[in-house]
Amino acid sequence: MKTKLLILSLLLLLVSAVQADESGCPAHKAAEQGFNPIDDFHKILAPVWHDAWPEKDYDALIAAGPKFKEAFDGIAKLEPKFKSKAREAKFMALRKEFKQKVDEFATAARAGDKEKVYEIMPDLHDAFEMTASSLLPVDYPEFDGFLTTLSIIAKKHIPKNNMEGIIGSTETLVEKASHLNEKTLPEELQEHKKAVLSDLSTIKAITKKMKECCDKKEMDEYKKHLTELQKKVDAFMESYI
């Protein structure tokens, strides 16, 4: 009985791990952003990558060739709007590489070349993931960390009037804001470097005012600055992220 329970627990853990991996993958996130062709391709790719390839199911790999080719048509027609030319160029280049892998795989599948489709599969999978990733918002860890603390202040501490939490989190916010600088600026934002740094300077200035309000226990002014900061952050994300 204990053995059966152990096996069941291990199976549940495995399922949970797979589900977590799927939900965190670029394709899943791109689908959530509304890029349905990415999701369509992923539904075909997933069983091939997770089952057919590791099991060396050559028939399933070969059968996937025309399916990949057809599903890529939707991705080829995508015309996403990017907030910088650099991000657009990156997506176009990655999609081109992805197409090459799909074409290579489809050609090998038509020829019934088992070894070739097996060899190409990892590269095709990686090319798909990279293409999906390029559709996601800019990866800016320092800004994400800043947003997390800001959210804690606005959604947790302020509603509960938790002064200790507000003061502590505001100090953390100022510290995290100090890392929003030229050194940490993502490559995708370099195109708008001057404007981005100017906006970040404004954001940092507001966080310092919030810290000063904490020191003086001026919470009415603090809340005004918090509202202003949230608007600036929303505008920043709309413009660049």
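What counts and what doesn't
Residues numbered from 1 in each chain as written. Predicted model: local features only at pLDDT ≥ 70, side-chain atom pairs only at ≥ 80, totals over all residues. Heavy atoms only, no water. Helix = DSSP H or I, 4+ residues; strand = E, 2+ residues; numbered from the N terminus. Contact = heavy atoms within 4.5 Å. Salt bridge = Lys/Arg side-chain N within 4 Å of Asp/Glu carboxyl O. Patch = residues over 30% accessible without salt bridge, like charges linked within 9 Å, V, L, I, M, F, W, Y side chains within 5 Å. Areas by Shrake-Rupley, 256 points an atom, 1.4 Å probe, with all protein chains shown as cover. Lys, Arg positive; Asp, Glu negative; His and termini not counted. Charge placed at Lys NZ, Arg CZ, Asp CG, Glu CD. Buried < 20%, exposed > 50% of the residue type's maximum accessible area, 1.4 Å probe, protein only. Core = buried A, V, L, I, M, F, W, Y, C linked by side-chain atoms within 4.5 Å. Phe/Tyr/Trp six-rings, centres within 6.5 Å; stacked < 30°, edge-to-face > 60°. Axes fitted to C-alpha atoms, helices over the stretch in contact; angles between N-to-C directions. Parallel < 35°, antiparallel > 145°, perpendicular 65-115°, else oblique. Left-handed = near helix turned anticlockwise from the far one by under 90°. Nonpolar A, V, L, I, M, F, W, Y, C, P; charged D, E, K, R; others polar. Expected span 1.5 Å × (residues − 1).

### What to know about the overall build of the chain
- A tally of regular secondary structure across the chain gives 10 helices and zero strands.
- Taken from N to C terminus, the helices and strands of the chain fall in the order α-α-α-α-α-α-α-α-α-α.
- Overall, the C-alpha framework of the chain stretches about 75 × 60 × 25 Å when taken along its three principal axes.
- Excluding contacts between residues fewer than 6 apart, the proportion of contacts in the chain whose partners are at least 24 apart in sequence is 72%.

### Topic: the pattern of salt bridges
- Within this structure, the stated rule accounts for eight salt bridges.
- One salt bridge connects Glu188 with Lys90, and the closest N-O pair in it is separated by 3.7 Å. Here Lys90 lies in helix α5 (residues 85-110) and Glu188 lies in the loop between α8 (163-177) and α9 (193-216), a separation of 98 residues in the sequence.
- Between Lys224 and Glu221 there is a salt bridge, with its nearest N and O atoms 3.4 Å apart. With a gap of three residues between them, Lys224 and Glu221 both fall in helix α10 (residues 219-240), about one helical turn apart.
- Through salt bridges with shared partners, a single ionic network connects Lys69, Lys99 and Asp103.

### A closer look at a negative patch on the surface
- On the surface, a cluster of negative charge is made up of Asp113, Glu115, Glu119, Asp123 and Asp126.
- Structurally, Asp113 is set in the loop between α5 and α6 (114-133).
- Classification of Asp113 by relative accessible area gives partly exposed; the value is 33%.

### A look at the environment of Ala106
- Mapped onto the elements, Ala106 comes out in helix α5.
- Measuring from C-alpha to C-alpha, the distance between Ala106 and Phe236 comes to 43 Å, with 130 residues separating the pair along the chain.
- The contact partners of Ala106, leaving out residues within four places of it in the chain, are Gly65 and Lys69.

### So, the nonpolar core
- Ile38, Phe41 and Phe68 are the most contacted members of the largest nonpolar core, which has 36 residues in total.
- Within the residue set of this core, elements represented by two or more residues are α2 (26-32), α3 (36-52), α4 (58-76), α5 and α6.
- Beyond its immediate sequence surroundings of up to four residues, Phe68 is in contact with Phe41, Ile44, Leu45, Val48, Val102, Phe105, Met121 and Leu124.
- Leu150, Ala154, Ile206 and Phe236 belong to the second largest nonpolar core, which has 29 residues in total.

### Observations regarding the packing of aromatic side chains
- Under the criterion given, the structure shown has 14 aromatic pairs.
- Chaining the aromatic ring pairs together yields one cluster made of Phe41, Phe68, Phe72, Phe98, Phe105 and Phe128.

### Observations regarding the packing of α9 against α10
- Following both chains from N to C, one finds α9 and α10 inclined at 160°, their axes separated by 9 Å at the closest point. Taken together, α9 and α10 sit at an angle that is classed as roughly antiparallel. Where α9 crosses over α10, the handedness of that crossing is left-handed. Residues Ala195, Val196, Asp199, Leu200, Thr202, Ile203, Ile206, Thr207, Lys209, Met210, Cys213 and Cys214 of α9 form the contact with α10, whose own contacting residues are Glu221, Tyr222, His225, Leu226, Glu228, Leu229, Lys232, Val233, Phe236 and Tyr240.
- Its residues placed into classes, the contact of α9 with α10 shows 14 nonpolar, three polar and five charged.

### Looking at the environment of Leu200
- Relative to the helices and strands, Leu200 is located in helix α9.
- Relative accessible area serves as the criterion here: at 0%, Leu200 is assigned to the buried category.
- On a C-alpha basis, the gap between Leu200 and Asp103 in space is 44 Å, while along the polypeptide they are 97 residues apart.
- Not counting the four nearest positions on each side in its chain, Leu200 is found in contact with Tyr140, Leu180, Leu185 and Phe236.

### Notes on α5
- Helix length check: α5 (26 residues) gives 37 Å between terminal C-alpha atoms against 38 Å at 1.5 Å per residue, within 8%.
- Listed in full, the buried residues belonging to α5 are Arg87, Phe91, Leu94, Arg95, Phe98, Val102, Phe105, Ala106, Ala108 and Ala109.
- Its buried side turned inward, α5 meets α3, α4 and α6.
- Gly112 lies just past α5 and shows a positive phi near 70°.

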